[in-house]
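Single-letter residue listing:
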Amino acid sequence: MSSSFTTTTSSSPLSSYGWDTHWEAEFAPYAERGLLPGRVVRVDRGQCDVVTAEGTVRADTAFVTPHDPLRVVCTGDWAAVDPVGGTPRYVRAYLPRRTAFVRSTSSKRSDGQILAANVDHVIVAVSLAAELDLGRIERFLALAWESGAQPLVVLTKVDLVPDAAGVSHLVHDVETTAPGVPVLPLSSTTGEGVDALREAIAGGTSVLLGVSGTGKSTLANTLLGADTMAVQAVRDVDGKGRHTTTTRNLFALPGGGVLIDTPGLRGVGLWDAGTGVGQVFSEIEELASSCRFHDCAHGAEPGCAVLAAVEAGTLPERRLDSYRKLLRENQYIVAKTDARARAEMRRDWKRKGAEGRAALQAKRGGLIR
Ligand SMILES: Nc1nc2c(ncn2[C@@H]2O[C@H](COP(=O)(O)OP(=O)(O)OP(=O)(O)O)[C@@H](O)[C@H]2O)c(=O)[nH]1
Ligand SMILES: [Mg+2]
Ligand SMILES: [Zn+2]
C-alpha cells in the first residue's frame, strides 16, 4: 500500500468527513470543471449545507432533486458544488453512492426513500425504557444489512433498568434476534457503554436510526461532547409525542468517524431487502438447509428441520412468524417495483461498497502504522 496515498487524503480538510483517494478519483471530472467537492451535512427545502475545504456552503439542490425519490440528494452524499461566485450556488451532481439505507415509506406502497448515503455502520437505537419490540428491530436490521453497511444495536437509557440481571436478559433477547450484530447497552446520562460505541464507529460513517424519543440526539451530543442537537427536556412516554429532530444531520466526531443523526421513525417498511431478511434470520436459513425437501416451506412437510427446532424449543415461534411476515412483505414490494432499476442500483452499490471498504481498510492500516 502506497503511503503517499494515505498522506494525500489525511492532509485534506475533508478527510475527517470521510474523503479518500477513491472519492478523489471519482471526483476528477468535476474538479476539471472547476467544481468543489463537499459532503452534504443537511438537506432541507430545496437547499442543503455542504462541508467543503473552504467551509460550509449553503447550496441549491434544484439539479439533484429528480422525480425518482431514490436519486434525490441526501445527507451523506459527496456533492459537486459551484465555486465561489454565482448566487445561488448549486449542487451540480453527487458521486455514485457506495451504500444507502432505503426504506419503503409504507408497507403497503413501493416508494423507496433514502435515509442516509455512504454509511459504513447503521446504529439501530432501541430504548430500554420501553417494552422491547423485537419485530421492529428485525425490520430495521433487514434494511441495515441490505444497505451494505454493518448493523449495530444500541440499547439506550440502560440507567433506567434497575438491576444488572435485567440488563443482561434484555441484551440476550436482542442478541438472539440479531445474529452477527453487536448489541451495546449504554446510557448518555451516566456515560456507561459510550466508549464501546465510540470505538466501534471510529472509522467510517454511521447513521443513528430508531423511533422517536429513544435518545438518538442525546447520544449524538454525548459523542460530540457538545450540545449540538436539540433534545426535548422532559418526555412522558418513549416513542410518543412530538418528534424533536426534523432533519438528518451529519457531524465529524472528535475521536474519528462521522455520525448522522436522523428524525425518529415510527417504523420502516421493507424495500427490496430479501438478502437482508436472510441475514437477520440466518439461523433459520441454516436450519432450512437440513430440511428433507430442498423447497421446504416449513409448513407441514415431513422432515422439516425448522419446525423440529420450534418443537424442541430452540427456535422461538415468534421468530419464525416474523421471518415469514417479512419475507411476504418483501415479495410484495419487490413485485411492485421496477426490477431493472433495483438491479442497476444494487450492482452499483456492491461495487462501490467493496471499493469503500478497501479504502477504509487502507486508511485504518495507515493510522495504525
Ligand atoms: N434516563 C435517560 N434518559 C435519556 C437518555 N438519553 C436520552 N434521554 C432522554 O430521552 C428523551 C429523548 O431524547 P432525544 O435524544 O431527544 O431522543 P431522539 O431519539 O433524538 O428523539 P427524536 O429526535 O424525536 O427522534 C430526552 O428527554 C432525553 O433527556 C439516557 O441515557 N438516560
Ligand atoms: Mg433527535
Ligand atoms: Zn422446512
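The structure we're discussing is the one just above.
What comes next concerns the included structure. (Residues numbered from 1 in each chain as written. Chains lettered and ligands numbered in written order. Predicted model: local features only at pLDDT ≥ 70, side-chain atom pairs only at ≥ 80, totals over all residues. Heavy atoms only, no water.)

The strands making up a sheet are joined through hydrogen bonds of the backbone, oriented either antiparallel or parallel. The strand order 10-9-8-11-13-12 describes an open sheet built from six strands, whose pairing is mixed. Looking at strand neighbours, the two that pair on one side only are strand 10 (183-185) and strand 12 (249-252), the edges of this open sheet. When the angles between neighbouring strand axes are averaged without regard to direction, this sheet yields 25 degrees. Two elements, strand 11 (residues 205-209) and strand 13 (residues 258-261), share four bridges in a ladder whose sense is parallel. Looking across to strand 13, one finds that T205 is bridged to V258. Taken strand by strand, helix 6 (residues 216-224) contacts strand 8 (121-127), strand 9 (150-156), strand 11, strand 12 and strand 13, and its axis lies near 155 degrees from that of strand 13. (Pairing = 2+ DSSP bridges. Helix = DSSP H or I, 4+ residues; strand = E, 2+ residues; numbered from the N terminus. Axes fitted to C-alpha atoms, helices over the stretch in contact; angles between N-to-C directions. Contact = heavy atoms within 4.5 Å.)

It is worth spelling out the nonpolar core at this point. Judged by nonpolar contacts, the single largest core of 64 residues is most densely connected at V122, L141, V153, L155 and L209. Considering each element in turn, this core owes the most residues, eight residues, to helix 3 (residues 134-147). Mapped onto the domain boundaries, this core takes at least three residues apiece from domain 1 (1-96) and domain 2 (98-364). If sequence neighbours within four positions are ignored, L209 has contacts with F101, L115, V122, I123, V124, A125, F140, K216, T262 and L265. Counting residues in hydrophobic clusters, the runner-up holds 18 residues, among them I123, L197, I201 and F251. (Core = buried A, V, L, I, M, F, W, Y, C linked by side-chain atoms within 4.5 Å. Buried < 20%, exposed > 50% of the residue type's maximum accessible area, 1.4 Å probe, protein only. Domains from an automatic or database assignment.)

Once that is clear, we can look at the coordination of the magnesium ion (ligand 2). For the magnesium ion (ligand 2), the full set of protein donor atoms is S217 (OG) and T245 (OG1), and the range of their distances to it is 2.0 to 2.1 Å. Of this pair, S217 sits in helix 6 while T245 sits in the loop between helix 6 and strand 12; the two residues are 28 residues apart in sequence, bridging distant segments of the chain. For S217, a relative accessible area of 7% puts it in the buried group. (Donors = N, O, S within 2.8 Å, 3.2 Å for Na, K, Ca; no water.)

With that settled, consider the pattern of salt bridges. Any two side chains of opposite charge can pair, given that their charged atoms come close. Under the counting rule described, the total for this entry stands at 13 salt bridges. The partner of R92 in a salt bridge is D82, and the shortest N-O contact between them spans 2.8 Å. Within this pair, whereas R92 is found in strand 5 (residues 91-94), its partner D82 is found in the loop between strand 4 (78-81) and strand 5, the two being separated by 10 residues in sequence. Here E329 makes a salt bridge to R139, at a shortest N to O gap of 2.8 Å. Here the residue E329 occupies a position in helix 10 (residues 317-336), and R139 occupies one in helix 3, the gap between them amounting to 190 residues. Accessibility expressed as a relative area gives 13% for R139, which makes it buried. Residues participating in the shared-partner salt-bridge network are R42, D44, D49 and R58. (Salt bridge = Lys/Arg side-chain N within 4 Å of Asp/Glu carboxyl O.)

Right, let's talk about the pairing of strand 13 for a bit. As a general feature of sheets, a regular strand has side chains that alternate between the two faces. Burial along strand 13 is two-sided: the residues V258 and I260 and L259 and D261 are all buried. Note that strand 12 and strand 13 share four bridges and pair antiparallel. Residue pairing across strands places L250 opposite I260, the latter belonging to strand 13. Between strand 12 and the antiparallel strand that follows it, strand 13, lie five residues; G256 among them carries a positive phi value of about 105 degrees.

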